[in-house]
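Inside the fold
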Amino acid sequence: MSVKNISITNDARAKFENNAAFCIGTGRMGLALQKEYIDEMRLAQSLASFKHIRGHGLFSDDMAIYQPYTDENGNLIDAYCFTYLDRVMDSYIENGLTPFLELGFMPYKMASGTQTIFYWKGNTTPPADHKKWANLIKATLAHLADRYGKDYVSTWPCEVWNEPNLPGFWENANKEKYLHLYEVSARAVKEVLPEMKVGGPAICGGSGSQEWVKDFLTFCRDNHVPVDFVTRHAYMGQTPERHGRYLYHDMCEVAFTYEEMKTTREIIDSFPEFKGMDMHITEFNTSYNPFCPIHDTNYNAANIAGLLSCLGDVAKSYSYWTFGDVFEEMGVPSRPFHGGFGLIAGGLIPKPTMWTFHFFNNLTGDCVYKDENIVLMKTGEGKYEGVAWNISREEKEIALSLPENGAKTLVTRTVDEETCNPLKCWHDMGEPATLTKAQTLILQQAANPFVASKKVESEARILLRANAVVHFTLSPLKEVTDNGYDYNWYLGK
């Protein structure tokens, strides 16, 4: 076991922009009409208090917004239905979430083609009539402003489409047609809500993705098209192997993923007109597939901790894809653990990565130290709080020396393969496809961090077993024992 010695001085300072709570991902928005989806959302919010939520399918047919009809004279009349939209938005807002709108996909009756993606068949072709598309955007935003207030809705970020550099998400990955769609969309947004921030191009990584960012910004600059932020995605998975319906692949290192995001940041800043503009990573995760077992593991939790420690250095936000496993891109999941994107498995069972966000989203104080294994915050006189992680099978120990003398109480909450691993417990049960109430309760209990405490002096030691994420606090020890109370009296019996 290796030991990392860290010594903190009184004047220690470190850069750490903690934007982990800014946004969380969901599947398509229509899933919010399901009860377990709402239950998972409430659990995620109770633990991590995300501020925004982003998902696909605002204009897909299951949301039923675009409802054209033919009048008595045979004329096609555009009409809109906001019944489901209101229900979805109400559920978000009631749970403390502000929408991060994604404009997509194409309503079938407005589409120029028949190409679709996913089990739920989101249409990914351009509009047959861009004016009708613009009117759809304007009508939707006007309705939202009327229902929730113009000033509030104007604070909702608005992103145009999703991953248009991939042919599955945008017909032929046609850049010219996407840029035209973006211009039409951005101008429609600003016509209704001039203060609403709009951006793109929502690209995913891969060959040529950085060129898309350059060409997007060049187009907006040269054509005076509104743009308030740049969006892109970040996934760590390398070339995969498929076994049945499941995908397995090695992960890029945290440093590699960070450098990729940093390159995008540098491209933005290379344009004088856009230097310092916000960059939102509107999706990120380890694997990009919703049937990849890594998502359910402690290894996932440790990798995500590494990303949360550094992505704020280059991005305004980074939205984990997704908060829950009510998700249907590749079909309806048939098992509580199946490698789904979510932080929460079926049966309201928190996965280890849920606790990574709980730990980071509740951090307070000023950062005094950060490296590839730890973020340390000073929260008051002699008080510290931090998160430590270990993306490794080798055990590590952090020996933390603080400048203040005197006894302290160290409290740790540990998530690792031994202490918070509902996936292993489910596996040891025989991997049941459906859970009894008793099994669900056991798995929920197995999903809790292990809490421990000890008295320490000037040095605190934090054990990081394989793929661990540990939250810890250090506070000056103040003993206020009651007269006659002896904690140790029975311990020797």
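Higher on the page you've got the structure.
Below, the structure is looked at part by part.

1. Some details on the nonpolar core
Residues Trp133, Phe284 and Phe357 are the most contacted members of the largest nonpolar core, which totals 117 residues. If you tally residues by element for this core, the top one is helix H3 (residues 130-148), at 9 residues. If sequence neighbours within four positions are ignored, phenylalanine 357 has contacts with Ala20, Ala48, Phe50, Phe284, Ile304, Leu308, Tyr320 and Leu343. Ranked by size, the runner-up nonpolar core spans 20 residues in total, among them Ile6, Leu402, Leu410 and Val456.

2. With respect to the pairing of strand E19 (residues 366-371)
In this sheet, strand E20 (residues 374-380) lies alongside E19 in antiparallel orientation, the contact comprising 5 bridges. In the strand pairing of E20, aspartate 366 is matched with lysine 378.

3. Quick look at the packing of aromatic side chains
By the definition in use, this model includes 30 aromatic pairs. Taken together, a centroid distance of 6.2 Å and an interplanar angle of 75° make the contact between phenylalanine 284 and tyrosine 318 edge-to-face. Of this pair, phenylalanine 284 sits in strand E15 (residues 278-285) while tyrosine 318 sits in strand E16 (residues 317-320), and the two are 34 residues apart along the sequence. Relative to tryptophan 389, the ring of phenylalanine 360 lies with its centre 6.1 Å away and its plane at 50°, an arrangement referred to as tilted. Here phenylalanine 360 is found in helix H9 (residues 352-361), whereas its partner tryptophan 389 is found in strand E21 (residues 383-389), with 29 residues between them in sequence. Accessibility expressed as a relative area gives 0% for phenylalanine 360, which makes it buried.

4. A look at unusual backbone geometry
With an omega of -15°, the peptide bond between glycine 104 and phenylalanine 105 qualifies as cis. On the secondary structure map, phenylalanine 105 appears in the loop between strand E7 (101-103) and strand E8 (116-117). Look at the link from tryptophan 321 to threonine 322: it is a cis peptide, with omega at 20°. Within the secondary structure, threonine 322 is located in the loop between E16 and strand E17 (344-345). Backbone geometry places glutamate 163, a non-glycine residue, at a positive phi of 45°. Within the element layout of this structure, glutamate 163 appears in the loop between strand E10 (158-160) and helix H5 (175-192).

5. Regarding helix H7 (residues 254-269)
Here H7 is 16 residues long and its end C-alpha atoms lie 23 Å apart, about the 22 Å a rise of 1.5 Å per residue gives. When we look at burial in H7, the residues that qualify are Val254, Thr257, Tyr258, Glu260, Met261, Thr264, Arg265, Ile267 and Ile268.

6. Observations regarding the side chain of asparagine 162
Its place among the elements puts asparagine 162 in the loop between E10 and H5. In this view, asparagine 162 contacts Arg54, His56, Glu102, Phe105, Phe169, Ala202, His233 and Glu283; residues no more than four positions away in its chain are not counted.

7. Some details on the sheet that holds strand E26 (residues 469-476)
Across the sheet, which stays open at both edges, the 6 strands sit in the order E19-E20-E21-E26-E23-E24 with antiparallel pairing between neighbours. Each having just a single partner strand, E19 and strand E24 (450-456) make up the two edges of the open sheet. Taking the axes of each pair of neighbouring strands and ignoring which way they run, one obtains an average angle of 15° across the sheet. In terms of strand pairing, strand E23 (residues 408-415) meets E26 through 8 bridges, oriented antiparallel. Across the sheet, residue arginine 413 finds its bridge partner in E26, namely histidine 471. Each of E19, E20, E21, E23 and E26 is contacted by helix H8 (residues 298-310), which is oriented at about 125° to E21, the strand it contacts most.

Rules behind the numbers
- Residues numbered from 1 in each chain as written.
- Predicted model: local features only at pLDDT ≥ 70, side-chain atom pairs only at ≥ 80, totals over all residues.
- Heavy atoms only, no water.
- Core = buried A, V, L, I, M, F, W, Y, C linked by side-chain atoms within 4.5 Å.
- Buried < 20%, exposed > 50% of the residue type's maximum accessible area, 1.4 Å probe, protein only.
- Helix = DSSP H or I, 4+ residues; strand = E, 2+ residues; numbered from the N terminus.
- Contact = heavy atoms within 4.5 Å.
- Pairing = 2+ DSSP bridges.
- Phe/Tyr/Trp six-rings, centres within 6.5 Å; stacked < 30°, edge-to-face > 60°.
- Expected span 1.5 Å × (residues − 1).
- Axes fitted to C-alpha atoms, helices over the stretch in contact; angles between N-to-C directions.

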